[in-house]
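So the chains spell out like this:
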Amino acid sequence: MKHVKILGTGCRNCQTTLKLVEEVARAQGVEIELEKVDQVQDIMQYRLMATPGVVIDEEVVHAGGVPDRKKIERWFAPSA
Amino acid sequence: MNPTVTTESQRLALRLVGLPIAAALWVLAYSHLTELADLAIGLFGLTRATHLGEALHFFLYDTPKVLLLLTGIVFLMGVIQTFFAPERTRALLAGRRLGVGNAMAAGLGIVTPFCSCSAVPLFIGFVSAGVPLGITFSFLIAAPMINEVALALLLGLFGWKVALLYLGLGLAVAIVAGLIIGQLRMERHLEDWVRAIHAGETAAPSGDDLTWPERLHAGLRHVREIVGRVWPYVLIGIGLGALIHGYVPEDFMAAFMGRDVWWAVPAAVVLGVPMYTNAAGIIPIVEALIGKGAALGTTLAFMMSVIALSAPEILILRKVLKWPLIATFVAVVATGILLVGYVFNLVL
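Residues numbered from 1 in each chain as written. Chains lettered and ligands numbered in written order. Predicted model: local features only at pLDDT ≥ 70, side-chain atom pairs only at ≥ 80, totals over all residues. Heavy atoms only, no water.

1. Points about the pairing of strand 4 (residues 59-63) of chain A
Residue and element names in this part refer to chain A.
Consideration 1: Both strand 3 (residues 53-56) and strand 4 contribute to a ladder of 4 bridges, which runs antiparallel. Following the sheet pairing, I56 is matched in strand 4 by E59.
Consideration 2: The turn joining strand 3 and strand 4, which pair antiparallel and follow one another in sequence, is formed by 2 residues; a positive phi near 45 degrees is taken by D57. (Pairing = 2+ DSSP bridges. Helix = DSSP H or I, 4+ residues; strand = E, 2+ residues; numbered from the N terminus.)

Spelled out as structure tokens, the structure:
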């Protein structure tokens, strides 16, 4: 199971990202634990410069804008 | 070879062929706007001599014009923005001296992509990387103040001189405001936890190296996102503008928004701050108001204060700045906008 955090103060881009990640993970049958991080202090611990950001298993994989669907699919692709 | 990769590159190739065709169609449509509008009201059996005909002509001429310019400019901005990831901008600004740094920051503020809710992470990222506070503010002020949608609308409705003046004065306000905030040495008015983060090195994943097809694709996505969101406002705005244009008597607005009304500019700024409106919805109405005697500087000052000094943005900034710094920020920017308003009223 992957632990996914969506970093963002709650603007529309952040909500879109959250929904998209949820959707793709479900479509690919990957079980994830989704968490929303919306406090600025907590977000800044990941040292990114633009939100929304995506953190998978404590690693920042994306920052600044809604990620491409294809990019998300790669995160959840079974590592061959 | 992976089949999905092939179809993807095919799709990209298709886009590359489609782009010049789209550009040619764009130019063709843009150069025949009056004829198209004339033709269209002719179909309704109307002429421009009637109120209804004139209003409808205004609508049918302005709508495609503004939408075409909007699409064009937003596309270009989307492509340009792929070159300026926030990390890159920060690297360009770190260690810059005042003056040159402020000018660069204001310019980069226009082309660096970030949504308004990223203001705080960006702010912290900049300050923690050693970008001076004044330069950071030049960046943060220019970004919302010079709005690409507003630029497209001004260009479409008032011509390139007005658009250029908007761009130039917006940059000037951002640069000067940043210089003043830098001079005041207000670093101590940052929230404590922000200063504590200072030493840290910010290392977010930087933008992947993009190919040209990917950059063009980003431009298209930008168009879909922004034009897709604002077009209803544009239509409503132009519709209202058309009604005012056709039916409100000449010089109706001059009495309280004319250039001779000295208090109109400050009133417009004060009125603008608590509002949070889309630039796209306001400017077409503004055009019609100006046709009826309202002064351009007054209306522009209103628009800028709505965009650059919105209450929600101030509340977001409160998370990193203490009140004295926020008050200074608002005061300096408001003064700048006032000046812009008066300058426009004076020159035009």
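2. Thoughts on helix 11 (residues 212-247) of chain B
Consideration 1: With 36 residues, helix 11 of chain B should reach 52 Å at 1.5 Å per residue; the first-to-last C-alpha distance of 49 Å fits that figure.
Consideration 2: Its maximal kink placed at W231 of chain B, helix 11 of chain B deviates by approximately 40 degrees, while the proline P232 of chain B follows within four residues. (Expected span 1.5 Å × (residues − 1). Bend = angle between axes of the 7 residues up to and from the residue.)

3. Focus on the nonpolar core
Consideration 1: Formed by 88 residues in total, the largest nonpolar core has its most connected members in F123, I124, F137 and L321 of chain B.
Consideration 2: By size, the runner-up hydrophobic cluster in this structure holds 12 residues, among which are V4, L20, I32 and V54 of chain A. (Core = buried A, V, L, I, M, F, W, Y, C linked by side-chain atoms within 4.5 Å. Buried < 20%, exposed > 50% of the residue type's maximum accessible area, 1.4 Å probe, protein only.)

4. Considering the interface of chain B and chain A
Consideration 1: Tallying the contact residues gives 26 residues for chain B and 19 residues for chain A.
Consideration 2: Roughly 1,800 Å² is buried in total at the junction of chain B and chain A, and carbon and sulfur atoms are behind 65% of that figure.
Consideration 3: In this structure, the salt-bridge partner of D68 of chain A is R221 of chain B, at a minimum N-O distance of 2.8 Å.
Consideration 4: Where chain B meets chain A, there are 3 residue pairs in polar contact (both at pLDDT 80 or more).
Consideration 5: When residues of the side of chain B that touches chain A are assigned to their parent elements, the largest contribution, 6 residues, is made by helix 6 (residues 119-128) of chain B.
Consideration 6: Partitioning the side of chain B that touches chain A into residue classes produces 13 nonpolar, 4 polar and 9 charged. (Contact = heavy atoms within 4.5 Å. Buried area = accessible area lost by both parts, 1.4 Å probe. Salt bridge = Lys/Arg side-chain N within 4 Å of Asp/Glu carboxyl O. Polar contact = N/O pair within 3.5 Å; in protein donor to acceptor, adjacent residues only side chain to side chain. Nonpolar A, V, L, I, M, F, W, Y, C, P; charged D, E, K, R; others polar.)

5. Observations regarding the confidence of the model for chain B
Low pLDDT means the predicted coordinates in that region are not meant to be read closely.
All names here are of chain B.
Consideration 1: Scored by pLDDT, chain B has a mean of 82; 88% of the residues are at 70 or more.
Consideration 2: Across chain B, element-level confidence peaks in helix 5 (residues 100-111) with a mean pLDDT of 92 and bottoms out in helix 12 (residues 254-257) with 68.
Consideration 3: Two numbers describe this predicted complex: its pTM, 0.81, and its ipTM, 0.78. (pLDDT = per-residue confidence, 0-100.)

6. So, the pattern of salt bridges
Consideration 1: If you walk through the whole model with that rule in mind, you get 7 salt bridges over all chains.
Consideration 2: With a shortest N-O distance of 2.9 Å, K5 of chain A and E58 of chain A are connected by a salt bridge. Note that K5 of chain A is positioned in strand 1 (residues 2-7) and E58 of chain A in the loop between strand 3 and strand 4, a separation of 53 residues in sequence.
Consideration 3: Overall, K5 of chain A belongs to the buried group, its relative accessible area being 12%.
Consideration 4: The salt bridge partner of R48 of chain B is E54 of chain B, with a shortest N-O separation of 3.3 Å.
Consideration 5: You can call R48 of chain B partly exposed: its relative accessible area is 43%.
Consideration 6: Accessibility expressed as a relative area gives 18% for E54 of chain B, which makes it buried.
Consideration 7: Three or more residues joined by partner-sharing salt bridges are found here, namely E23, R69 and E73 of chain A.

7. Let's talk about a nonpolar patch on the surface
Residues and elements named next belong to chain B.
Consideration 1: A surface patch of nonpolar side chains, about 490 Å² in accessible area, is lined by L52, I236, L240, L243 and Y247.
Consideration 2: Ranked by the residues each element gives to the nonpolar patch, the list is headed by helix 11, at 4 residues.
Consideration 3: Tracing the backbone through its elements, the reader meets L243 in helix 11.
Consideration 4: Owing to a relative accessible area of 48%, L243 belongs among the partly exposed residues under this scheme. (Patch = residues over 30% accessible without salt bridge, like charges linked within 9 Å, V, L, I, M, F, W, Y side chains within 5 Å. Areas by Shrake-Rupley, 256 points an atom, 1.4 Å probe, with all protein chains shown as cover.)

8. Things to note about the sheet that holds strand 2 (residues 32-37) of chain A
All names here are of chain A.
Consideration 1: The sheet built from 4 strands is open, its strands ordered 2-1-3-4 with mixed pairing. At either margin of the open sheet sits one strand with a lone partner, and together these are strand 2 and strand 4. Each neighbouring strand pair of the sheet contributes to a mean axis angle of 20 degrees, computed without reference to strand direction. (Axes fitted to C-alpha atoms, helices over the stretch in contact; angles between N-to-C directions.)

9. With respect to the packing of aromatic side chains
How two aromatic rings sit relative to each other is given by the distance of their centres and the angle of their planes.
All names here are of chain B.
Consideration 1: Tallying each qualifying case throughout the model produces 5 aromatic pairs over all chains.
Consideration 2: On the basis of an interplanar angle of 5 degrees and a centroid distance of 5.1 Å, the ring pair of W26 and Y30 is categorised as stacked. Linking W26 with Y30, this pair stays in helix 1 (residues 3-30), spanning 4 residues, or about one helical turn.
Consideration 3: Looking at W26, the relative accessible area reads 27%, which means it is partly exposed.
Consideration 4: Since its relative accessible area comes to 27%, Y30 is described here as partly exposed.
Consideration 5: Measuring from centroid to centroid gives 4.8 Å for F126 and F139, while their planes differ by 50 degrees, and the two rings are tilted. Of this pair, F126 sits in helix 6 while F139 sits in helix 7 (residues 133-145), placing them 13 residues apart in sequence. For the pair F126 and F139, a shared accessibility class is recorded, and that class is buried.
Consideration 6: Members of the aromatic cluster, connected to one another through ring pairs, are F123, F137 and F329.
Consideration 7: One Lys or Arg, R88, reaches over the ring of F84 and ends 5.7 Å from the middle of that ring. (Phe/Tyr/Trp six-rings, centres within 6.5 Å; stacked < 30°, edge-to-face > 60°. Lys NZ or Arg CZ within 6 Å of the ring centre and 35° of its normal.)

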